[in-house]
Amino acid sequence: GDDPYNEYGDQPNIIIPQEVEYKGEKYTVTGIGATAFYTGKTFSINFESIDLPVTIKKFGGSAFANACFKKVYIHDLTSWCNIINDGGSSSTCLYDSNNPDNVCVLYLNGKPITNLSSLDNRCTQISNYAFYGQRFLENATLPDSVKVIGLYAFTNCKNLKKISIGNKVL
């Protein structure tokens, strides 16, 4: 029918583990596959939160299409920025492509991100949509190791007062 449903059951909070076991073998979770949360519906499915492990390296195309999270929990800011985001806004869990005003809040250590001071020299990029619409972000000082700032990385950060970019950005 046309009624929205959540194929993940009544789980409003999604936790992606760092490791999974399959047929007795353990595997590190390094990505969210293409269309992982896509339902094929034209409306968004609302979730309370998603907790992403530090081991995530890539979001596949449309990985989060039609999934709308109120909160996204991360555990390392540099790892978050280095995630390869294939496929634009519908690949990131921060932005609802069906409703651009519906942007979740990115949390680090249980608190909304207000600055990027914990970025270190392992950070080589700011991925597409990395901080899209983050209303609590006020200061973005990027280390000199950052060479690329992705599309829409800081779009609609309405309280961003200062951004400092190193001289190695292409």
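Please read all numbers here as calculations on a predicted model, not as lab measurements.

## A look at the overall build of the protein chain
- When helices and strands are counted, the protein chain shows one helix and 14 strands.
- Out of the 170 residues belonging to the protein chain, those deemed buried represent 41%.
- Here the analysis covers contacts within the protein chain between residues at least 6 apart in sequence; of these, 60% occur between residues at least 24 apart.
- Element-wise, carbon and sulfur atoms account for 48% of the exposed surface of the protein chain, whose accessible area totals about 9100 Å².

## What to know about the packing of aromatic side chains
- Considering all chains together, one arrives at 11 aromatic pairs under this definition.
- Measuring from ring centre to ring centre gives 5.1 Å for F59 and F64, while their planes differ by 90°; the resulting arrangement is edge-to-face. One exposure class covers both F59 and F64, and it is buried.
- Between Y129 and Y132, the aromatic rings sit 5.7 Å apart at their centres with planes inclined by 40°, giving tilted as the arrangement. Each member of the pair, Y129 together with Y132, is buried.
- Taken together, the ring pairs in this structure connect F37, F47, F59, F64, F69 and W80 into an aromatic cluster.

## What about the pairing of strand β9 (residues 105-108)?
- Of the two faces of β9, both are covered, the one formed by V105 and Y107 as well as the one formed by L106 and L108.
- Across four bridges, the pairing between strand β7 (residues 67-74) and β9 is parallel. Of the residues in β9, the one forming a bridge with V72 is L106.
- Where β9 and strand β10 (residues 111-112) come together, two bridges link them in antiparallel fashion. Across the sheet, L108 pairs through a bridge with K111, a residue of β10.

## Focus: unusual backbone geometry
- Despite not being glycine, K23 shows a phi value in the positive range, around 50°.
- Relative to the helices and strands, K23 resides in the loop between β2 (19-22) and β3 (25-28).
- We classify K23 as exposed; its relative accessible area is 72%.
- Despite not being glycine, S62 has its phi angle at roughly 55°, a positive value.
- Along the polypeptide, S62 turns up in the loop between β6 (58-59) and β7.

Parameters at a glance
- Residues numbered from 1 in each chain as written.
- Predicted model: local features only at pLDDT ≥ 70, side-chain atom pairs only at ≥ 80, totals over all residues.
- Heavy atoms only, no water.
- Helix = DSSP H or I, 4+ residues; strand = E, 2+ residues; numbered from the N terminus.
- Buried < 20%, exposed > 50% of the residue type's maximum accessible area, 1.4 Å probe, protein only.
- Contact = heavy atoms within 4.5 Å.
- Areas by Shrake-Rupley, 256 points an atom, 1.4 Å probe, with all protein chains shown as cover.
- Phe/Tyr/Trp six-rings, centres within 6.5 Å; stacked < 30°, edge-to-face > 60°.
- Pairing = 2+ DSSP bridges.

In short, the description is geometric, and any link to function would need to be established separately.
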